[in-house]
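Per-entry structural report
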Amino acid sequence: MNIFNLLLPTRRGVGAVMKGCRATCYSFFHSSPETTVEVQSQEQEVVIAMGSNVGDRLCNFNEALQLMKKLGVNITRHSCLYETEPAYVTDQPRFLNSAVRGVTKLGPHELLGVLKKIEKDMGRTNGIRYGPRPIDLDILFYGRFSIHSDTLTVPHERIWERPFVVAPLLDLLGSSVESDTVACWHSLSQQHNGLFETWEKLGGESLIGKEGMKRVLPIGNLLWDWSLKTSVMGILNLTPDSFSDGGKFQSVEAAVAQVRLMISEGADMIDIGAQSTRPMATKISAEKELERLIPVLEAVLTMPEMEGKLVSVDTFYSKVASEAVGKGAHIVNDVSAGQLDPDMYKVVAGLKVPYVAMHMRGDPSTMQNEENLQYDDVCKQVASELYSKVRDAELSGIPAWRIIIDPGIGFSKKAEHNLDILLGLPAIRRHIAMKSLAASHAPILIGPSRKRFLGEICNRPSADGRDPATIASITAGVLGGANIVRVHNVRDNLDAVKLCDSMLTRRKSLA
C-alpha cells in the first residue's frame, strides 16, 4: 500500500487577505481508507457542510448536530442558514444549507464513517445522486490536509462551483485570517485572494436575497428572510416604572388594547417586558416578573389579530425566558446578552428560539456609571464586546443562525455614543466581520425610541414628546442597515421605515 506525502511549498499569503500568514498544507494520496495517516496533532479542525430537503429540515439539522457531538465532533462555529433552489436535479423541494466548524480526534476516514452513519440513521438511502435527502453531510476541510483516496476527497471536489456551499463556508471565517489552518484553507482554493475570490467569482453577496438563495433565520415554523423589509417591533411595557409608559399597561385589558392598537398600525412583532431596564431601575425577581408577564402573554397569544405576528419576551432571566417560550413566545430579547444569568445561554440553546444579544456594560443600576461610559472608539468596542458575548452564546449551543444583535442604544452610552452608533452600524458590522462573517450577517435590532439622549438633543424632557426625534433616529438606523426597529409609536415609525426601505430598494436597483 503506497502513501505519498507531499509537503507543499510554504506560501506567504494568499493575496491581501493572507498577508503575514504562513500556510503549510500537507497532501496525502492513498489508495484505501484503511491506510493510516499520521497527522500533526491529536485534534484537527474540520468544516462540515449540511443540507436537507426532506421532512423538517431544521429539525434534521438539529438532530445531526447532536449526533456529531455525541460521536466525536465538537462544534465551535455555525454558519448562517440558507434556503436554496436544488442544483443538478431540479425537480425536488428546496434545500436548507449550512455548515459548521469544529474539532475532532477522528481520522479523516473515521470522520467520513461517522457522517455516513448519521446520514443512514436519519433515513438517507442510496437514491438518485443529488436527489432528495433528509440530511447530507460532506467534509469540506480536514485540518491542513489535502486528501485523495478511493472513498474521500478533501477539499470536497465540487466545492468551488457551489454557491450554496461556499456562502456558509465563508460564514465560518472572519475577513481577517486568524490562523495557519484558515490560511491553508484559503490557499487550497487556488485563488489569489483565497476563498473570498472564489465567492466573488460565483456572484458573491449579489446572490443573496434572490429566489435561488436566501439567508434566513428560523422563527417558529417560519424561515424569516430579513432582507425583504425592515420589521417593526412594538413595545409593551408591563412595568410601573418604565421611563416612557410605566404603569399604563399593567392590567391585562389595557395591555391587550395596546397590542391591538400596535398591530392595527402595522407592527410585525410585539416585545413584552415585565422588568424595567431604565437607568437606576430596581431589579425584581424572576417570580415577580413572571407574575406580571404570564397573564398578559397568554391573553396576547390568543388574540385573533396576532395571527402571523411574532411575540418577543424582554428578559434577562433564563427562568422567565423558558416559561415564556413554553407559553408560546417566539423570541428571547436579553438586554444583558447573558451577563445577568449564567444559565441563559444553555436555556436558550435548549429552547431553540432566536436570541437577541444586546450590548450593555454592567446592569441597569450601574450601566451609566462613569467607568461604563469610557470608549475610545465606540463602534469598534461595542462590536468587540458584543461579539465576545455572541461567541460565548454559540459555544453554549446557540447557533449563529438564531442570533440577532443589538448595539444597545441608551445602555451604558452617552448621547454622542448613541449618535456614533446610529451613524456607525456599517462599521459595527465590519468590525464583527473581521472575526466572524456569520455574526456580521446577523439581523441588527435598534431601540432608540423616546430615549433620554433624544430629549437632551431636542430639549424634550417628556418621553412622549420625543416621537419626531425617534422617527429621525429610526430613519438613520434603517438607512445604515438596521433590520428591526423597536418603537413605542408604531404608526409614524412604520411610515419612516417604508420610505427608507423604498430608498434602499431604489439604490440597489441603480447599482
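Predicted model, so just to flag it, every value in this text is computed and none were measured.

1. Some words on the sheet that holds strand β20 (residues 445-446)
- Pairing is parallel across the open sheet formed by eight strands, whose spatial order is β19-β18-β17-β16-β15-β14-β21-β20. At either end of the open sheet lies a strand with only one pairing partner, and these are β19 (403-406) and β20.
- Relative to strand β15 (residues 269-273), strand β14 (residues 231-237) runs parallel, the two being bridged by five bridges. Within the sheet, the bridge partner assigned to Gly-234 lies in β15 and is Ile-270.

2. Concerning the packing of helix α10 (residues 378-395) against helix α11 (residues 415-423)
- Following both chains from N to C, one finds α10 and α11 inclined at 75 degrees, their axes separated by 9 Å at the closest point. Our classification of the angle between α10 and α11 gives roughly perpendicular. Of α11, the residues touching α10 (which contributes Val-378, Cys-379 and Val-382) are His-417, Asp-420 and Ile-421.
- Partitioning the contact of α10 with α11 into residue classes produces four nonpolar, one polar and one charged.

3. Things to note about a nonpolar patch on the surface
- On the surface, a nonpolar cluster with roughly 260 Å² of combined accessible area is contributed by Leu-479, Leu-499 and Met-503.
- Accessibility expressed as a relative area gives 31% for Leu-479, which makes it partly exposed.

4. Structural notes on the pattern of salt bridges
- Throughout the structure, instances matching the rule amount to 25 salt bridges.
- When the shortest N-O distance is used, the salt bridge between Arg-57 and Glu-83 registers 2.9 Å. Residue Arg-57 is located in helix α1 (residues 57-70), and its partner Glu-83 is located in strand β7 (residues 81-84); the two are separated by 26 residues in the primary sequence. Here the two residues Arg-57 and Glu-83 agree in accessibility, since each one is buried.
- Across the salt bridge formed by Glu-197 and Lys-201, the nearest N and O atoms sit 3.4 Å from each other. Of this pair, Glu-197 and Lys-201 both sit in helix α5 (residues 194-202), four residues apart, roughly one helical turn.
- A relative accessible area of 59% means that Lys-201 is categorised as exposed.

5. Observations regarding the nonpolar core
- Ranked by size, the top nonpolar core spans 82 residues in total, and within it Leu-236, Ile-270, Ile-272, Leu-293, Val-332 and Ile-446 carry the most contacts.
- Once residues within four sequence positions are removed from consideration, Ile-446 is found in contact with Asp-406, Pro-407, Ile-409, Leu-422, Leu-425, Ser-473, Ile-474, Gly-477, Ala-482, Ile-484, Val-485 and Arg-486.
- Core analysis: the next-biggest nonpolar cluster, separate from the first, contains 31 residues, Ala-167, Val-177, Ile-208 and Ala-400 among them.

Parameters at a glance
- Residues numbered from 1 in each chain as written.
- Predicted model: local features only at pLDDT ≥ 70, side-chain atom pairs only at ≥ 80, totals over all residues.
- Heavy atoms only, no water.
- Pairing = 2+ DSSP bridges.
- Helix = DSSP H or I, 4+ residues; strand = E, 2+ residues; numbered from the N terminus.
- Axes fitted to C-alpha atoms, helices over the stretch in contact; angles between N-to-C directions.
- Parallel < 35°, antiparallel > 145°, perpendicular 65-115°, else oblique.
- Contact = heavy atoms within 4.5 Å.
- Nonpolar A, V, L, I, M, F, W, Y, C, P; charged D, E, K, R; others polar.
- Patch = residues over 30% accessible without salt bridge, like charges linked within 9 Å, V, L, I, M, F, W, Y side chains within 5 Å.
- Areas by Shrake-Rupley, 256 points an atom, 1.4 Å probe, with all protein chains shown as cover.
- Salt bridge = Lys/Arg side-chain N within 4 Å of Asp/Glu carboxyl O.
- Buried < 20%, exposed > 50% of the residue type's maximum accessible area, 1.4 Å probe, protein only.
- Core = buried A, V, L, I, M, F, W, Y, C linked by side-chain atoms within 4.5 Å.

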